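# Commentary on secondary and tertiary structure
What follows is each chain in one-letter form.
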Amino acid sequence: MVISGIRLPLMTSLIVWAVIWEIVGHTDAGFILPPLSSIIGRVFEIVPTASFLDALLITGRAFLLGNAIAIGIGVPLGILMGRSVIADRLLLPWVNLFLSAPLSALVPVIMVLFGLGETTIVLTVVLFSMWIVVLNTRAGIRAISPSLVEMARSFGASRWQAFSRIYLWAALPEILAGIRLGMIRAVKGVVIGQLLVSVVGFGTLFEIYQSHFLMEHFWALLLVLFTFAFTLNELLAGLERRFAYYAASR
């Protein structure tokens, strides 16, 4: 059963945890974890403010640009690895390494190379999101039926035609899954970048709330980010399901 595109068990789980949060917030732990009702009230208080809207603009720009670069590089690279044994052997160890490595430790290296600016934040988003796009695209390409490839060759398709009309569409379910997972990781990447590199955007708000111990404001901002990530995940998951027939056609 689905309610507004969200599964009923998931909604039930969210309601249960919301009730637990509210109860815990009214105990002694409320000093660190305020009641959910108070946090939701703070959300409606901070969202319309100019400081939040400015932070949203800065963060959103870095998030979108970083994801565009990650997708623009990750999808062709994954297709190359899926079609070329040599490229796969050369690049797969590095892709797996970056996917499993503690990427936060690499942010200072990017900062040294590119300075304390938006470029470093965008590259941090790319660093967090690109590798899962590459791996999922590679998996989708390797799942393509050899008959599709043979058909393209027999009809004299060029490499670009095979890429745009065969590989890209046949691997679309896995590509969309990689983009979805990459964007979720990018949310973490953009916030970490803004906190570690230069305190701008949401990083500025987190720093202010933390230094003044405004825990309701702090959790309200986290709740906004969690809600954004959750909504983005559900929307992209729905898009995946709409294109699932491409996987069956393979």
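Here the structure is a predicted model, which means the values were calculated and not measured. (Residues numbered from 1 in each chain as written. Predicted model: local features only at pLDDT ≥ 70, side-chain atom pairs only at ≥ 80, totals over all residues. Heavy atoms only, no water.)

### Quick word on the side chain of T59
Topologically, T59 is positioned in helix α3 (residues 50-83). Judged by its relative accessible area of 6%, T59 is buried. Within the structure, T59 has its side chain in polar contact with the backbone oxygen of A55 (distance 2.9 Å). If we skip the residues at most four places from it in the chain, T59 touches V190, Q194, G201 and F202. (Helix = DSSP H or I, 4+ residues; strand = E, 2+ residues; numbered from the N terminus. Buried < 20%, exposed > 50% of the residue type's maximum accessible area, 1.4 Å probe, protein only. Polar contact = N/O pair within 3.5 Å; in protein donor to acceptor, adjacent residues only side chain to side chain. Contact = heavy atoms within 4.5 Å.)

### Regarding a nonpolar patch on the surface
Where nonpolar side chains cluster on the molecular surface, the patch consists of V16, W17, I20 and V24 and spans about 360 Å² of accessible area. Checked against the element boundaries, W17 lands in helix α1 (residues 8-25). (Patch = residues over 30% accessible without salt bridge, like charges linked within 9 Å, V, L, I, M, F, W, Y side chains within 5 Å. Areas by Shrake-Rupley, 256 points an atom, 1.4 Å probe, with all protein chains shown as cover. Salt bridge = Lys/Arg side-chain N within 4 Å of Asp/Glu carboxyl O.)

### Here's the deal with the packing of aromatic side chains
Tallied over the entire structure, the rule returns 6 aromatic pairs. On the basis of an interplanar angle of 75° and a centroid distance of 5.6 Å, the ring pair of F63 and F228 is categorised as edge-to-face. Of this pair, F63 sits in helix α3 while F228 sits in helix α11 (residues 215-242); the two residues are 165 residues apart in sequence, bridging distant segments of the chain. Classification of F63 by relative accessible area gives buried; the value is 7%. Plain terms: the ring middles of F218 and W219 are 6.3 Å apart, the flat faces sit at 85° to each other, and that makes the pair edge-to-face. The buried category is assigned to F218, whose relative accessible area is 19%. By relative accessible area, W219 is classed as partly exposed at 21%. (Phe/Tyr/Trp six-rings, centres within 6.5 Å; stacked < 30°, edge-to-face > 60°.)

Limitation: the analysis is restricted to geometry and does not speak to function.
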